[in-house]
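So the chains spell out like this:
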Amino acid sequence: MAQEVVSRIRILEQEITELKNAKRRRENEAESSKTPTGGDDDHDHDQDQDQDQDRTSSVSSQEVKEMELWLKLEEERRSLKEKIREYKKQEIELQKQTLTDMGSVELVSEKAEAAEEGTDYYGTLHEFLDPWKDIATEGREDGEKTLWEWIRQLDQSNEEERLVFDSMKAVAVDLGMELSRRIVWYFLQFTNAEPKEIKERTKKLEQTVRCVSLEEEDSIVTERFVSVIKSVDRGIRIPKQNLEEVKDKKRKRAAEEPASEVRYGERDDYIFGSIFSMVLFLEAAFCSPCFSVMLEKEDLMALGEFLRESFKEKMSKLSWDMKPESSKDQNAERNELKEMFDLMIKEIWNKFDSLPGADQ
């Protein structure tokens, strides 16, 4: 519906422009007709005056009709623009309410007893996501775009629009980095674990995050988190080791190692569910097609502030559950890893404005 209104506004603006051009042409013609011809004959002069009067009368009548049409078109355009403003307001409020009401998914570990009860880890994720994916599908079919798709259309050669673009990118980058640090804190608890356990845990979280993509391909949000998780896996499992040596060890262990039996407790489930829910928050905020028209610059800035505040409120409930014990966090190895991962996180998230897959 909003797209139809936008199309109608464009047609009206074209018609108004045509009326302006027609008026400008008449004024130029009238100016040209006033140019003296150099004749002295009184009869010809009187005849020219009569023709000018007839022409003026005809033009005046036409101008009146065009002015009436002009006013009518302008009134319709103003009315439709007001309707568009209402659409924007409704879409913003709906998105805010949706993100505010977003709950957290409660995950259940893949245990034999859980399977017997009919629970399923990834099944729970997909069931939780189904309504969100339906919304994304319907929005895309209706021609709607994601918040980030609209932001990318801002004219960055315009100073004001560039400021809005940079501000909204900063929101996505700051929030993504904050959650990425929580992910790092979780995995730093396993620096003394066997490589296969670290690999199993990072692989499971990677698959968990990939589930969040609301459309078919990895989104610009989920792709960043997957990059972070893969970097953490490599950084903790194989620090200071030659990659070729690691590959050789992998080949030798492949036939010898039994299947991984990493056990996940309630705390692990809670943390994975929390990460999943916060990734979904950012996915829904930036990558769900729910906006039919470009928002006003001031609306974008206000929405950015809302996202910061809402994210901060939700994260405040998760922070302490995702930090390693302070006594262990002081050792040199973890401090070194934290510094390395912090630089890596900044590098990954500063590429947020690139298209998905561009940095792979």
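1. A closer look at the pattern of salt bridges
Right, on to step 1. Tallying each qualifying case throughout the model produces 14 salt bridges.
Right, on to step 2. The partner of Arg-210 in a salt bridge is Asp-218, with the nearest N and O atoms 2.4 Å apart.
Right, on to step 3. Taken together, the shared-partner salt bridges connect Glu-178, Arg-181, Arg-182, Asp-342 and Lys-346 into one network.

2. Description of the confidence of the model for the chain
Right, on to step 1. Across the chain, pLDDT averages 77, with 64% of residues at or above 70.
Right, on to step 2. Counting contacts from residues 111-118, a segment whose pLDDT is below 50, to residues more than four positions away or on other chains yields 5 contacts.

3. Description of the environment of Asp-130
Right, on to step 1. One can find Asp-130 in helix H4 (residues 121-141).
Right, on to step 2. Asp-130 sits 84 residues away from Leu-214 along the chain, and the two C-alpha atoms are 9.0 Å apart.

4. Thoughts on the nonpolar core
As a rule of thumb, nonpolar side chains are buried together in soluble globular proteins.
Right, on to step 1. Membership of the largest hydrophobic core comes to 77 residues, with the highest contact counts inside it found for Leu-147, Val-221, Phe-225, Phe-286, Leu-307 and Trp-349.
Right, on to step 2. With 14 residues, the top contributor of residues to this core is helix H6 (residues 159-187).
Right, on to step 3. Sequence-distant contacts of Phe-225, defined by excluding residues within four places in its chain, comprise Gly-176, Leu-179, Ser-180, Ile-183, Val-209, Val-279, Leu-282 and Trp-349.

5. Overview of the packing of aromatic side chains
Right, on to step 1. Considering all chains together, one arrives at 12 aromatic pairs under this definition.
Right, on to step 2. Where Trp-148 meets Phe-286, the ring centres are 6.3 Å apart and the plane angle is 70 degrees; that geometry is what we call edge-to-face. In this pair, Trp-148 is assigned in helix H5 (residues 147-151) and Phe-286 in helix H10 (residues 266-287), connecting sequence segments 138 residues apart.
Right, on to step 3. Looking at Trp-148, the relative accessible area reads 4%, which means it is buried.
Right, on to step 4. Feature note: the residues Trp-148, Phe-165, Phe-225, Phe-286, Trp-349 and Phe-352 constitute an aromatic cluster, connected by ring pairs.
Right, on to step 5. In this structure, Lys-145 packs its charged tip against the face of Trp-150, placed 4.7 Å from the ring centre.
Right, on to step 6. Across from the ring centre of Tyr-121, 4.1 Å away, lies the NZ or CZ of Lys-204, which sits over that ring.

6. Focus on the packing of H6 against helix H11 (residues 297-316)
Right, on to step 1. Across the interface, H6 lies against H11 with an axial gap of 9 Å and an inter-helix angle of 10 degrees. By the angle between their directions, the pair H6 and H11 is classed as roughly parallel. Only Lys-297, Leu-300, Met-301, Gly-304, Leu-307, Arg-308, Phe-311 and Met-315 of H11 make contact with H6, whose side of the interface consists of Glu-160, Glu-161, Val-164, Ser-167, Met-168, Ala-170, Val-171, Asp-174, Leu-175, Glu-178, Leu-179 and Arg-182.
Right, on to step 2. Among the residues making up the contact of H6 with H11, the classes are represented as 11 nonpolar, 2 polar and 7 charged.

Thresholds, definitions, all that
Residue numbers here run from 1 along each chain, matching the order of that chain's written sequence. Only residues with pLDDT of at least 70 get local features here, since the model is predicted, and only at 80 or more are side-chain atom pairs given and counted; chain-wide, interface and lining totals rely on the full set of residues. Here the side-chain values reflect all heavy atoms present in the structure, with hydrogen atoms and water set aside. A pair is scored as a salt bridge if a Lys or Arg side-chain nitrogen falls within 4 Å of a carboxyl oxygen belonging to Asp or Glu. For every residue, the pLDDT score states the predictor's confidence, bounded by 0 at the bottom and 100 at the top. Between two residues, a contact is recorded if the distance between any of their heavy atoms is within 4.5 Å. In DSSP terms, a helix is any run of H or I states spanning at least four residues, a strand is any run of E spanning at least two, and both are numbered starting from the N terminus. As used here, the term nonpolar core means buried Ala, Val, Leu, Ile, Met, Phe, Trp, Tyr and Cys residues forming a set that is joined through side-chain atoms within 4.5 Å. Buried, partly exposed and exposed residues are distinguished by accessible area as a fraction of the type maximum, computed with a 1.4 Å probe on protein chains only: under 20%, between the cut-offs, and over 50%, respectively. Pairing of aromatic rings covers Phe, Tyr and Trp, the last through its six-membered ring, and needs centres within 6.5 Å; plane angles under 30 degrees mean stacked, over 60 mean edge-to-face, and all others mean tilted. Look at NZ for Lys and CZ for Arg. If either is within 6 Å of the ring centre and within 35 degrees of the ring normal, a charge sits over the ring. To get an axis, a line is fitted to the C-alpha atoms, and for a helix only the part in contact is used. The angle between two axes follows their N-to-C directions and goes from 0 to 180 degrees. Our angle categories are set so that under 35 degrees counts as roughly parallel, over 145 as roughly antiparallel, 65 to 115 as roughly perpendicular, and the remainder as oblique. Amino acids outside the nonpolar list (Ala, Val, Leu, Ile, Met, Phe, Trp, Tyr, Cys, Pro) and the charged list (Asp, Glu, Lys, Arg) are all regarded as polar, and Gly is one of them.

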